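# Per-entry structural report
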Amino acid sequence: MRILRSNRHKYCADGSFMKEFILDTEVTPVFLEFLKHYGSLEMLPGLGEGFYKFEKTDCFSIKGFLNESSFEVRFKKEVMEFTSDFLYSILYCYQNGKPDYTTLNRRDAALMERVKTRLHGNKS
């Protein structure tokens, strides 16, 4: 999966930053199954057919519809400069339904250490 472009860059009232991403392919159930290894995934049938919400705690959230080639991402402002890179890694490591868990797991561990340090200092 690749991002073709992003639209609607805006700051939200809570300080987060929102972007809409246009992908080169549709979001499928198989991709969401992959995605949930890196956060919490919730299907919200009451909001429309195929509506989902993914959250990577302290990093970002994604909302969108199955079988559409776009989604909306809300980044936590304090860590956006490196969590946005991780979002690109998620999409890059998911190629043609053959996810690269090894690479992404390593990047995820490094990301979460940086996020923890940025948000909570060097506390253990």
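Residues numbered from 1 in each chain as written. Predicted model: local features only at pLDDT ≥ 70, side-chain atom pairs only at ≥ 80, totals over all residues. Heavy atoms only, no water.

### Quick look at the layout of surface pockets
Of the pockets and cavities examined, the largest pocket occupies roughly 210 Å³. Lining the largest pocket are 15 residues; nearest its centre among them are Asp14, Ser16, Arg74, Phe75 and Lys76. Of all the elements in the fold, those that place two or more residues in the lining of the largest pocket are strand E4 (51-56), strand E5 (60-65) and strand E6 (70-75). (1 Å grid on protein atoms, 1.4 Å probe; cavity = no way out; pocket = protein on both sides within 12 Å on 5 of 7 lines; lining within 4 Å. Points joined across faces, edges and corners; volume = space filled by probe spheres on them. Helix = DSSP H or I, 4+ residues; strand = E, 2+ residues; numbered from the N terminus.)

### Description of the nonpolar core
The biggest cluster of nonpolar side chains holds 32 residues, and the ones touching the most others in it are Val27, Phe31, Phe60, Ile62 and Phe71. Of all the secondary-structure elements, those providing two or more residues to this core are strand E2 (17-23), helix H1 (29-35), E4, E5, E6, helix H2 (80-93) and helix H3 (101-120). Here this core takes seven residues from H2, the largest share from any one element. Not counting residues within four places of it along the chain, the set of residues in contact with Phe31 comprises Met1, Ile90, Leu91 and Tyr94. (Core = buried A, V, L, I, M, F, W, Y, C linked by side-chain atoms within 4.5 Å. Buried < 20%, exposed > 50% of the residue type's maximum accessible area, 1.4 Å probe, protein only. Contact = heavy atoms within 4.5 Å.)

### Comments concerning the pattern of salt bridges
Inspection of every chain in the model, using the stated rule, returns five salt bridges. Put simply, Asp14 and Arg74 hold a salt bridge, and the shortest N to O gap is 3.8 Å. Placement of Asp14 in the loop between strand E1 (3-11) and E2 and of Arg74 in strand E6 is noted, with a sequence separation of 60 residues between them. Residue Arg74 is classed as partly exposed on the basis of its relative accessible area of 33%. For Lys76, the salt bridge is made with Asp58, and the minimal N-O distance between the two is 4.0 Å. Taken as a pair, Lys76 in the loop between E6 and H2 and Asp58 in the loop between E4 and E5 lie far apart in primary sequence, 18 residues in all. (Salt bridge = Lys/Arg side-chain N within 4 Å of Asp/Glu carboxyl O.)

### Some remarks on the pairing of E1
Bridging between E1 and E2 involves six bridges; their strand directions are antiparallel. Its bridge partner lying in E2, Tyr11 is registered against Phe17. Turn length for the E1-E2 hairpin, with the two strands adjacent in sequence and antiparallel, is five residues, and the turn residue Gly15 shows positive phi of about 90 degrees. (Pairing = 2+ DSSP bridges.)

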